[in-house]
Amino acid sequence: MGDPTDDSHETFVGSIDQGTTSTRFLIFNRSGEPVASHQIEFKQYYPQSGWHEHDPLEIISSVEQCIEGAVKDLENQGHAKASIKAVGITNQRETTVVWNHETGEPLYNAIVWTDTRTQALVRKLKQRLGADKLQELCGLPLSTYPSVGKLLWLLANEPKVKDAYEKGNLAFGTIDSWLVYRLNGGPNKNVFVSDPTNASRTMFMNLRTLDYDDQLIDFFRLDPRKVHFPKITRSSDREAYGRLESGVLKGVPITGCLGDQSAALVGQKGFSPGLAKNTYGTGCFLLYNVGEKPVFSSHGLLGTVAYDFGEGNRMYALEGSIAVAGSSVKFLVDNWGFVESSSRISQLASTVEDNGGVVFVTAFSGLFAPYWIDDARGTIYGITAYTNRGHVARATLEATCFQTKAILNAMEKDSSRKLAALAVDGGMSNSDLTMQTQADLIQIPVLRPQMRETTALGAAIAAGLAVGVWESLDELKSVNVEGRTDFTPRMPEAKSREMFERWEKAVQMSRGWSA
Ligand SMILES: Nc1ncnc2c1ncn2[C@@H]1O[C@H](COP(=O)(O)OP(=O)(O)O)[C@@H](O)[C@H]1O
Ligand SMILES: O=P(O)(O)OC[C@H](O)CO
């Protein structure tokens with residue numbers, strides 16, 4: 001292991017990628033190539049307008065099925081499953097799970113990061129003394145997005161959750177800690193951990209110490225004796241995450257854990273300050289490596305942890321989070337039947353030359369970075385008798401690109417540096433039209449790697465580093481370099497600026513709808 005001259009590729013690392021709409025398990029070789037995979041879409045629950053839930057047990061079962069499917073795929077290629085040395089986990093962040101600490105049974109559905117039921121609660125929290133000091137402790141602004149509001153809502157509205165809290169039996173976790181806990185067999189082993197990239201999304205973790213902060217827990221009026229929080233441990237660790245307790249990979253250690261956006265930064269090898277990646281999945285998230293010290297944004301961005309691979313190998317990031325990206329495409333497919341699948345949306349958008357004056361503010365969950373407008377909702381401007389579905393499709397794709405432009409503007413102000421190029425990945429980055437539009441709007445090249453499972457690769461890297469499949473980050477330099485597509489700006493800058501100004505006008509007009 002760890003010998004770069006060994007090209008047998010008989011050493012593999014597995015990666016659980018638990019995203020918002022689907023779960024995947026991928027198996028990577030030492031060259032960072034995926035050799036086997038399995039993916040399952042799971043059910044989305046929308047019990048009321050603005051509510052979004054997942055069934056925590058369905059998530060576990062989707063992970064188990066994906067592991068089984070991918071391992072079968074590997075074995076069909078003539079490889080032994082024993083050559084899988086470790087498993088990494090990467091996951092949708094902020095999504096909140098509560099369970100009974102003694103039995104391991106969930107007490108409610110997982111409340112998903114996009115859910116806006118906490119809007120009124122968050123407004124009240126913003127009035128509380130000390131609210132203006134939170135971001136400089138944890139890096140996040142108060143909004144419906146982090147886990148904390150979801151936990152407070154559950155305590156206020158779900159008697160089972162409140163009861164468990166009063167009895168000191170309440171376990172709170174993000175998807176990573178739920179997966180680690182259950183895959184280790186639940187209450188028997190009680191492996192209850194999280195990594196700093198996930199914990200930094202709860203609002204309970206201090207960004208400097210990478211540990212829970214009493215000031216934060218006090219502000220939210222929680223009694224730390226009544227709620228069990230997962231222990232925060234580094235993102236790559238040989239022991240802390242335990243091992244798979246059952247299934248085809250029983251006994252294989254879990255040695256890596258990263259929130260999905262951090263994992264994508266790692267998978268894109270954004271290891272040096274000044275490098276950035278943008279992942280166009282359900283939402284879209286731009287992470288910019290700021291180095292070994294946290295940066296607290298003054299322009300609507302989030303301070304977060306890029307990865308924690310131990311002393312001397314710990315990086316922070318500035319993040320721009322967009323709530324709705326691929327989900328707007330899915331909306332056009334599922335709710336409005338514009339085309340039969342997401343992969344066809346560019347085709348429809350290409351039937352027109354431009355957006356025909358249409359701007360779609362896709363604020364289904366309000367607007368996140370850098371605007372933080374909680375009372376905006378999806379609004380289409382500029383419809384005339386001339387408008388057809390192609391214009392709306394185009395305006396939908398452009399909405400994510402405009403928000404990315406706004407985030408880059410904020411990032412330049414926070415960091416005083418201009419980005420040279422933007423590395424991209426995620427489902428929506430498959431659209432050439434979207435990526436060209438992105439390059440045109442930000443006026444810098446957009447670089448799309450050939451292998452776009454960078455999120456899963458990042459978790460595999462975290463896991464592989466812990467067990468010596470890779471000895472250092474330097475070994476990964478050549479991974480996923482070949483076959484990159486570069487989109488260079490083609491639109492004149494003046495036209496690009498004019499389009500962006502219209503977008504900004506539409507954003508201001510979308511305020512106040514859900515007041
Ligand atoms: N060719 C495409 N063009 C535009 N959007 C796409 C395309 N392919 C997938 N998507 C969108 O990408 C999203 C899925 O991306 P993925 O990275 O798998 O997301 P997640 O990890 O959040 O589940 C879906 O919302 C889908 O609508
Ligand atoms: O499911 P994704 O890929 O859009 O990512 C979800 C994010 O982690 C939410 O913060």
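Further up the page is the structure itself.
Since we're looking at a predicted model, the values are computed, not measured.

Rules behind the numbers
Residue positions are given per chain, counted from 1 along the sequence in the order it is written. The naming scheme follows written order: chains are lettered A onward, ligands numbered 1 onward. Residue-level local features of this predicted model are given only where pLDDT is at least 70; pairs of side-chain atoms are given and counted only at 80 or more, and the full residue set underlies all totals for whole chains, interfaces and linings. Side-chain measures were taken over the full set of non-hydrogen atoms in the model, leaving aside hydrogen atoms and water. Think of each axis as a best-fit line through the C-alpha atoms, taken over the contacting stretch in the case of a helix, with angles from 0 to 180 degrees between the N-to-C directions. Every helix listed is a DSSP run of H or I at least four residues long, and every strand listed is a run of E at least two residues long, numbered separately from the N terminus. Each angle is binned into one of four classes, with values under 35 degrees roughly parallel, values over 145 roughly antiparallel, values of 65 to 115 roughly perpendicular, and all other values oblique. Residue contacts are counted whenever heavy atoms from the two residues lie within 4.5 Å of one another. The residue classification treats Ala, Val, Leu, Ile, Met, Phe, Trp, Tyr, Cys and Pro as nonpolar and Asp, Glu, Lys and Arg as charged. All others, Gly included, are polar. Think of a 1 Å grid over the protein atoms and nothing else: a 1.4 Å probe that fits but is trapped marks a cavity, an open set flanked by protein within 12 Å on at least five of seven lines marks a pocket, and residues with an atom within 4 Å of a point count as lining. Grid points are joined across faces, edges and corners, and a volume is the space filled by probe spheres set on the points. Each residue is assigned to one of three classes by its accessible area relative to the maximum for its type, calculated with a 1.4 Å probe on protein chains only: buried under 20%, partly exposed between the two thresholds, exposed over 50%. The pairing criterion for strands is at least two bridges between them, as found by DSSP. The cutoff for a nearby residue is simple: one of its non-hydrogen atoms must lie within 4 Å of the molecule or strand. As used in this structure description, the phrase polar contact means that two N or O atoms lie within 3.5 Å; if the pair is within protein, one of them must be able to donate a hydrogen and the other to accept it, and residues adjacent in sequence are counted only when both atoms belong to side chains. In this description, accessible areas are obtained by the Shrake-Rupley approach with a 1.4 Å probe, and a residue is regarded as covered only by the protein chains that are shown. Whether a molecule sits in a cavity or pocket is decided by its atoms, more than half of which must lie within 2 Å of the grid points. To estimate the expected span of a helix, count its residues, drop one, and scale the result by 1.5 Å. The angle between axes fitted to the seven-residue stretch ending at a residue and the seven-residue stretch beginning at it gives the bend at that residue. By definition, a salt bridge exists where a carboxyl oxygen of Asp or Glu is found within 4 Å of a side-chain nitrogen of Lys or Arg.

Colleague: I keep staring at the packing of helix H9 (residues 260-267) against helix H14 (residues 454-466) and nothing clicks. Help me out?
Modeller: To describe two helices that pack against each other, one gives the angle between their axes and the distance between the axes. Where H9 contacts H14, the two axes come as close as 7 Å, and the packing angle between them is 85 degrees. By the angle class used here, H9 and H14 are roughly perpendicular. Of the residues in H14, those in contact with Asp-260, Ala-263, Ala-264, Val-266 and Gly-267 of H9 are Thr-454, Thr-455, Leu-457, Gly-458, Ala-459 and Ile-461. Tallied by class, residues from the contact of H9 with H14 come to 6 nonpolar, 4 polar and 1 charged.

Colleague: Explanation requested: the layout of surface pockets in the structure shown.
Modeller: Where empty space is left in the structure can be found by rolling a water-sized probe over the atoms. For the largest pocket, the calculated volume is near 960 Å³. Around the largest pocket, the lining comprises 39 residues; the ones closest to its centre are Arg-24, Tyr-280, Gly-281, Thr-282 and Gly-427. Listing elements by their share of the lining of the largest pocket, those giving two or more residues are strand S2 (22-28), strand S3 (34-41), H9, strand S15 (276-280), helix H10 (326-334), helix H11 (345-349) and H14. Residue contributions to the lining of the largest pocket peak at 4 residues, all from H10. Of the residues in the lining of the largest pocket, the class split is 7 nonpolar, 22 polar and 10 charged. Within this model, the second largest pocket holds a volume of roughly 630 Å³. Tyr-46, His-52, Phe-331, Phe-364 and Ser-365 are, among the 23 residues lining the second largest pocket, the residues nearest its centre. Here the lining of the second largest pocket takes 4 residues from H10, the largest share from any one element.

Colleague: It is not clear to me how empty space enclosed by the protein should be interpreted in this structure. Could you clarify?
Modeller: With the rule as written, the count across this model stands at 1 cavity of 30 Å³ or more. Quantified by volume, the largest cavity comes out at close to 40 Å³. Residue lining of the largest cavity: Tyr-288, Leu-408, Met-411, Glu-412, Ser-415, Arg-417, Lys-418 and Leu-419, and that is the complete set. The element best represented in the lining of the largest cavity is helix H12 (residues 389-415), accounting for 4 residues.

Colleague: I keep staring at the pairing of strand S6 (residues 96-100) and nothing clicks. Help me out?
Modeller: Each regular strand shows side chains that alternate between the opposite faces of the sheet. Most of S6 sits out of view: 5 of its 5 residues are buried. A two-sided burial pattern is seen for S6, the buried positions comprising Thr-96, Val-98 and Asn-100 on one face and Val-97 and Trp-99 on the other. The pairing of S6 with strand S8 (residues 170-174) spans 5 bridges and is classified as antiparallel. Looking at the pairing, Trp-99 lines up with Ala-171 of S8.

Colleague: Where do I start with the sheet that holds strand S14 (residues 254-259) in this structure?
Modeller: Two strands in a sheet stick together by hydrogen bonds in their backbones, pointing the same way (parallel) or opposite ways (antiparallel). The strand order across the open sheet formed by 5 strands is S3-S2-S1-S5-S14, and the pairing between neighbours is mixed. Each end of this open sheet is capped by a strand with a single partner; those strands are S3 and S14. Each adjacent strand pair in this sheet contributes to an overall mean axis angle of 15 degrees, direction not counted. Alignment of S2 against S3, held across 7 bridges, turns out to be antiparallel. From the neighbouring strand, Thr-23 faces S3, where its bridge partner is Ile-40. Of the strands in this sheet, strand S1 (12-18), strand S5 (84-91) and S14 are in contact with helix H6 (residues 175-183), which crosses S5 at around 145 degrees.

Colleague: Help me understand the site of ligand 2 in this model?
Modeller: Taken together, Thr-20, Gln-92, Arg-93, Glu-94, Trp-113, Tyr-145, Asp-260, Gln-261, Thr-282, Gly-283 and Phe-285 make up the full set of residues near ligand 2. A distance of 3.2 Å is found between an oxygen atom of ligand 2 and a backbone nitrogen or oxygen belonging to Thr-282. Its free accessible area being 310 Å², ligand 2 has 93% of it covered by the protein chains. Placement of ligand 2 is best described as lying within the largest pocket. Here the shell around ligand 2 is composed, by residue class, of 3 nonpolar, 5 polar and 3 charged.

Colleague: What is the right way to look at H12 in this model?
Modeller: Because the α-helix completes a turn every 3.6 residues, residues three or four places apart line up on one side. Its 27 residues place the ends of H12 39 Å apart at the C-alpha level, agreeing with the 39 Å of an ideal helix rising 1.5 Å per residue. At Glu-398, H12 is bent by approximately 25 degrees, the largest bend along its length. Two or three places before Gly-390, at the opening of H12, Asn-388 has a side-chain oxygen 2.8 Å from that residue's backbone nitrogen. Looking one or two residues beyond H12, the residue adopting positive phi is Ser-416, at roughly 55 degrees.

Colleague: Can you help me understand the pattern of salt bridges in this one?
Modeller: Between side chains of opposite charge, a pair can form as their charged atoms come close. Considering all chains together, one arrives at 28 salt bridges under this definition. Linking Arg-201 and Glu-94 is a salt bridge whose minimum nitrogen-to-oxygen distance equals 2.7 Å. With Arg-201 in the loop between helix H7 (196-199) and strand S10 (205-206) and Glu-94 in the loop between S5 and S6, this pair connects stretches of sequence that are 107 residues apart. A residue is classified by how much of its surface remains accessible, and Glu-94, at 2% relative accessible area, is buried. With a shortest N-O distance of 2.8 Å, Arg-117 and Asp-115 are connected by a salt bridge. In this structure, Arg-117 and Asp-115 share a single accessibility class: buried. Within the structure, one salt-bridge network assembled from shared partners comprises Arg-93, Glu-94, Arg-201, Asp-260 and Glu-319.

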